[in-house]
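A closer look at the structure
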Amino acid sequence: MEPIASHENWRNCFSEVAPGLLLFARQWVQSAADAEDIVQDAFVKFWRRKHDIRNRGLLYSAVRSLALDFIRRDARRARREATVLAEAEPVIEPHFELEDDTQSALAAAVESLPRDQREVLVLKIWNDLTFSEIGGALGISQNTAASRYRYALTNLKKTFQPQ
Amino acid sequence: MNDFSELEKELRKLRPTEPSPVLFERVGEALKNCSADIKEHRPVIRRWGGLETAHPWWSLGFGLAAAAVLTLFAAITIERRHEPQQTVAQTSPLPETRPTPLRTERSTSPSRFVPAGGTNLVYNARDEGLHFADGSERPVRRVRYNTQQTWRWRNPETGASLRVSYPSEEVVLIPVSGQ
């Protein structure tokens, strides 16, 4: 794959990173549709600036920034939706394609992690970023990223017992 | 091999949900139109001391202007308070009578305030991560500072002091280069 983003290879690149990017965006927004909007905006911005596609930290950083902007902008709507959702039957859009109960339990354990640990875990496991790239994307040091990852795994190990 | 290899293996088996096929179409459409977007959205980026800032320092400007107005107002007020007292003393019909020394007369220029210092207290700095400012070639890190700026003036002869304090918020965009 060409290291510089060009219009010819965007589809290959996007199909590789889109599931992980969506999962990352959904650490902040519950709705899959909102997460897709954020991923679209971030990817298009990244692509049209012809960044080196090996510099993935920038792409994830863009997703994170847009997600945080979205939360701020949409706080009022979120409160209104929360009120409505509190009265209605909750509809949870899964973050993973679950195949059995073990995977369901593991996914639930992941979702119960603190956000700072979960975002590092998501970037490491499902996006294959290095700790250095994670640090760049989240604005933290490489060591902090590594320790958050270890905390996440330790917490998961406590809560998740494979059957 | 670490203690978590089994757990990591289990985690990697979880597959994130796939994006909807419509998303690919939307991204393709957006990329087609992106050159038109770039022309339409030309941002204004101002340079200040090597930093690119999206915030044109309005708050600082307004704060300084407010401080200047307050200082001027205070100076005029103090001067007016002193004027009648000096007049009474100078126009006394009895030149042999010494006017009662007024406390304010000790100063020959009671309204002269000299800057006595200033502080810029940053009570909150929030790193808002990397951003792609529209039209910018490079990503920038956005840092938001909330500060309380205080300026003090003092009249060395009367001991009077004047203090102006106001909050301000600055958003600083720091260029980041990839490695």
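Residues numbered from 1 in each chain as written. Chains lettered and ligands numbered in written order. Predicted model: local features only at pLDDT ≥ 70, side-chain atom pairs only at ≥ 80, totals over all residues.

**Side note on the overall build of chain B**
In terms of helices and strands, chain B carries three helices and six strands. Listing each helix as α and each strand as β along chain B from the N terminus yields α-β-α-β-β-α-β-β-β. For chain B, the residues scored as buried account for 12% of the 179 residues in total. Partitioning the intrachain contacts of chain B with sequence separation of at least 6 by distance along the chain shows that 67% fall at a separation of at least 24. (Helix = DSSP H or I, 4+ residues; strand = E, 2+ residues; numbered from the N terminus. Buried ≥ 20, exposed ≤ 12 C-beta atoms within 10 Å, placed from the backbone. Contact = placed C-beta atoms within 7 Å.)

**Here we look at the overall build of chain A**
When helices and strands are counted, chain A shows eight helices and one strand. The secondary structure elements of chain A, listed N-terminal to C-terminal, are α-α-α-α-β-α-α-α-α. Here the analysis covers contacts within chain A between residues at least 6 apart in sequence; of these, 63% occur between residues at least 24 apart.

**What about the environment of A:Trp47?**
Inspection of the secondary structure assignment puts A:Trp47 in helix H2 (residues 32–48). For the pair formed by A:Trp47 and A:Phe14, sequence separation is 33 residues and the distance between their alpha carbons is 9.9 Å.

**Digging into the interface of chain B and chain A**
Facing the 31 residues of chain B at the interface are 39 residues of chain A. If you list the elements that add at least two residues to the side of chain B that touches chain A, you get helix H1 (5–13), strand E1 (15–16), helix H2 (21–40) and strand E4 (114–131) of chain B. Ranked by the residues each element gives to the side of chain B that touches chain A, the list is headed by H2(B), at eight residues. Residues belonging to the side of chain B that touches chain A are distributed by class as follows: 16 nonpolar, five polar and 10 charged. Examined bridge by bridge, strand E1 (residues 96–97) of chain A and E1(B) share two bridges and lie antiparallel to one another. (Nonpolar A, V, L, I, M, F, W, Y, C, P; charged D, E, K, R; others polar. Pairing = 2+ DSSP bridges.)

**Focus: the environment of B:Leu64**
All names here are of chain B. Take Leu64: it is sitting in helix H3 (residues 58–90). With 16 C-beta atoms counted inside 10 Å, the residue Leu64 sits in the partly exposed group. Residues Leu64 and Ser165, 101 residues apart in the sequence, show an inter-C-alpha distance of 9.9 Å.

**Considering the confidence of the model for chain B**
All names here are of chain B. Model confidence for chain B is summarised by a mean pLDDT of 72, while 64% of its residues fall at 70 or above. Element-level pLDDT for chain B is lowest in strand E2 (residues 46–48), with a mean of 40, against a maximum mean of 91 in E1. Scored below 50 in pLDDT, residues 41–54 makes 25 contacts in the model with residues more than four places away or belonging to other chains. A low-confidence stretch, residues 85–107 stays under pLDDT 50, and its non-local contacts, those more than four residues away or across chains, total 11 contacts. The complex prediction reports pTM at 0.53, with the ipTM value standing at 0.80. (pLDDT = per-residue confidence, 0-100.)

**A look at unusual backbone geometry**
Of note in the backbone geometry, A:Asp128 takes a positive phi value of approximately 55 degrees without being a glycine. According to the C-beta neighbour criterion, A:Asp128 is partly exposed, with 13 such atoms within 10 Å.

**Notes on the packing of helix H3 (residues 56–73) of chain A against helix H7 (residues 131–138) of chain A**
Residue and element names in this part refer to chain A. Close contact between H3 and H7 brings their axes to 8 Å; oriented N to C, the two are set at 35 degrees. The hand of the H3/H7 crossing is right-handed. From H3, Arg56, Gly57, Tyr60, Ser61 and Arg64 reach across to H7, where they touch Glu133, Gly136, Ala137 and Leu138. A per-class count over the contact of H3 with H7 returns three nonpolar, three polar and three charged. (Axes fitted to C-alpha atoms, helices over the stretch in contact; angles between N-to-C directions. Left-handed = near helix turned anticlockwise from the far one by under 90°.)

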